[in-house]
Amino acid sequence: MSRELPSFDLVVATVGRTDELGRFLDSIEEQGYGPLRVIVVDQNEDERVTEIAHGRGFELVHTRSGRGLSRARNAGLAQVDADLVAFPDDDCVYPAGLLERVVARFADRGLDGLTGRAVDAEGHSSGSWKSDPALLTDDNLWDRAISFTIFLRREVVERVGAFDERLGLGSTEPWSSGEEIDYLIRAVRSRARIEYDPSLVVRHPVRRDDPRIGGRDGATVGYLLRKHGYPVRVVARMLVRPLGGMLASLVRLDGSRAGYQLATFRGRVRGYRGAKRANSSA
């Protein structure tokens, strides 16, 4: 007798995108995987999602929420009842056979979760991604996960709970990213066994070295280091790392990259300091 395939709930928040969301949903149809649902959390004020979702060859749950990525994902989590849960972006694309590969890894390794690597349309990846597979710890997960490459068992999601709505795009806080890293830290500290597999890839546009993004993401890292009580040695390493990157960029005469790294350093310091004030007033 064949074993029943595990089911997926794919929670995707969307706002302002039409063609990109259509391409993502096309890639889900091309998976040819049976037991799955796409839970689209719609933050638009029009009916574009209704038009894009019509006539799909899989179950699609259309719900709405207010603005904010973490808020939207929490609205999606309220709908989850599948075996495996993922958080794709509305502008990512799942390569053919991805879900079958994920299922095989869960079956073979007895995992609670799995993370992969982001690549662009040509298959290129940022140099910041680690090349070696690893079991995630709260010390090594920083360069081994991004939201749209994360797959978790529902039991882990139920144990960890909601996303921190102070984090993520659309938050009014200075650390408006990194909600998935916060989630993974909490999952790993709850003893979830989550593995990073760099051969497992999801296509997504690669962002440029914008100092504004470096500052924002740096502030998030600093915030998380303090929120989760990381030891001084880890804090020091994470603060110094972008300074090393800045010096290396200057040696290569790459002023753009150096500016990005400097903004990242300043953001990390600002986020670490700001987290103390935020947590004391929470």
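Small disclaimer: the values here were computed from a predicted structure and weren't measured.

**Some remarks on the sheet that holds strand β6 (residues 134–135)**
And then number 1: Read from one edge to the other, the open sheet built from eight strands follows the order β3-β2-β1-β4-β7-β5-β8-β6, with strand pairing classed as mixed. If you trace the sheet from one side to the other, it starts and ends with β3 (59–64) and β6, each paired once.
And then number 2: Strand direction decides the pairing type here: β6 and strand β8 (residues 194–203), joined by two bridges, are antiparallel. Bridging from a neighbouring strand, alanine 134 pairs with tyrosine 196 of β8.
And then number 3: Along the sheet face, helix α6 (residues 179–189) touches β5 (113–119), β7 (150–153) and β8 and points at about 35° away from the line of β7.

**Describing empty space enclosed by the protein**
And then number 1: Inspection of the entire model under this criterion finds one cavity of 30 Å³ or more.
And then number 2: In this structure, the largest cavity encloses a volume near 30 Å³.
And then number 3: Considering the residues around the largest cavity, the lining is formed by Phe87, Ile150, Leu152, Phe163, Glu180, Tyr183 and Leu184.
And then number 4: Listed by contribution, the elements that provide at least two residues to the lining of the largest cavity are β7 and α6.

**Concerning the packing of aromatic side chains**
And then number 1: On inspection of all chains with the given rule, the structure shows ten aromatic pairs.
And then number 2: On the numbers, 6.1 Å between centres and 50° between planes, the contact of tyrosine 94 with phenylalanine 151 is tilted. Taken as a pair, tyrosine 94 in the loop between β4 (84–86) and α4 (98–109) and phenylalanine 151 in strand β7 lie far apart in primary sequence, 57 residues in all.
And then number 3: Aromatic side chains tryptophan 142 and tyrosine 230 sit 5.6 Å apart centroid to centroid with 55° between the ring planes, which places their arrangement in the tilted category. Taken together, the residues tryptophan 142 in the loop between β6 and β7 and tyrosine 230 in the loop between α7 (211–227) and α8 (232–251) connect sequence positions 88 residues apart.
And then number 4: Ring pairing ties together the aromatic residues Phe8, Phe24, Tyr33, Tyr94 and Phe151, which thus form one cluster.
And then number 5: In this structure, arginine 189 is placed above the aromatic ring of tyrosine 230, and the distance from its NZ or CZ to the ring centre is 5.0 Å.
And then number 6: In this structure, arginine 226 is placed above the aromatic ring of tyrosine 272, and the distance from its NZ or CZ to the ring centre is 4.5 Å.

**Let's talk about the pairing of strand β2 (residues 36–42)**
And then number 1: The buried count for β2 comes to seven of seven residues, which makes it a mostly enclosed element.
And then number 2: Pairing geometry for strand β1 (residues 8–14) and β2, over seven bridges, is parallel. Residue pairing in the sheet places valine 11 in a bridge with isoleucine 39 of β2.
And then number 3: Each parallel crossover has a hand, and the one from β1 via helix α1 (residues 19–31) to β2 is right-handed.
And then number 4: For the crossover that starts at β2, traverses helix α2 (residues 48–53) and ends in the parallel β3, the hand is right-handed.

Definitions and limits used
- Residues numbered from 1 in each chain as written.
- Predicted model: local features only at pLDDT ≥ 70, side-chain atom pairs only at ≥ 80, totals over all residues.
- Heavy atoms only, no water.
- Pairing = 2+ DSSP bridges.
- Helix = DSSP H or I, 4+ residues; strand = E, 2+ residues; numbered from the N terminus.
- Contact = heavy atoms within 4.5 Å.
- Axes fitted to C-alpha atoms, helices over the stretch in contact; angles between N-to-C directions.
- 1 Å grid on protein atoms, 1.4 Å probe; cavity = no way out; pocket = protein on both sides within 12 Å on 5 of 7 lines; lining within 4 Å.
- Points joined across faces, edges and corners; volume = space filled by probe spheres on them.
- Phe/Tyr/Trp six-rings, centres within 6.5 Å; stacked < 30°, edge-to-face > 60°.
- Lys NZ or Arg CZ within 6 Å of the ring centre and 35° of its normal.
- Buried < 20%, exposed > 50% of the residue type's maximum accessible area, 1.4 Å probe, protein only.
- Right-handed = clockwise from strand over helix to strand, strands pointing away.

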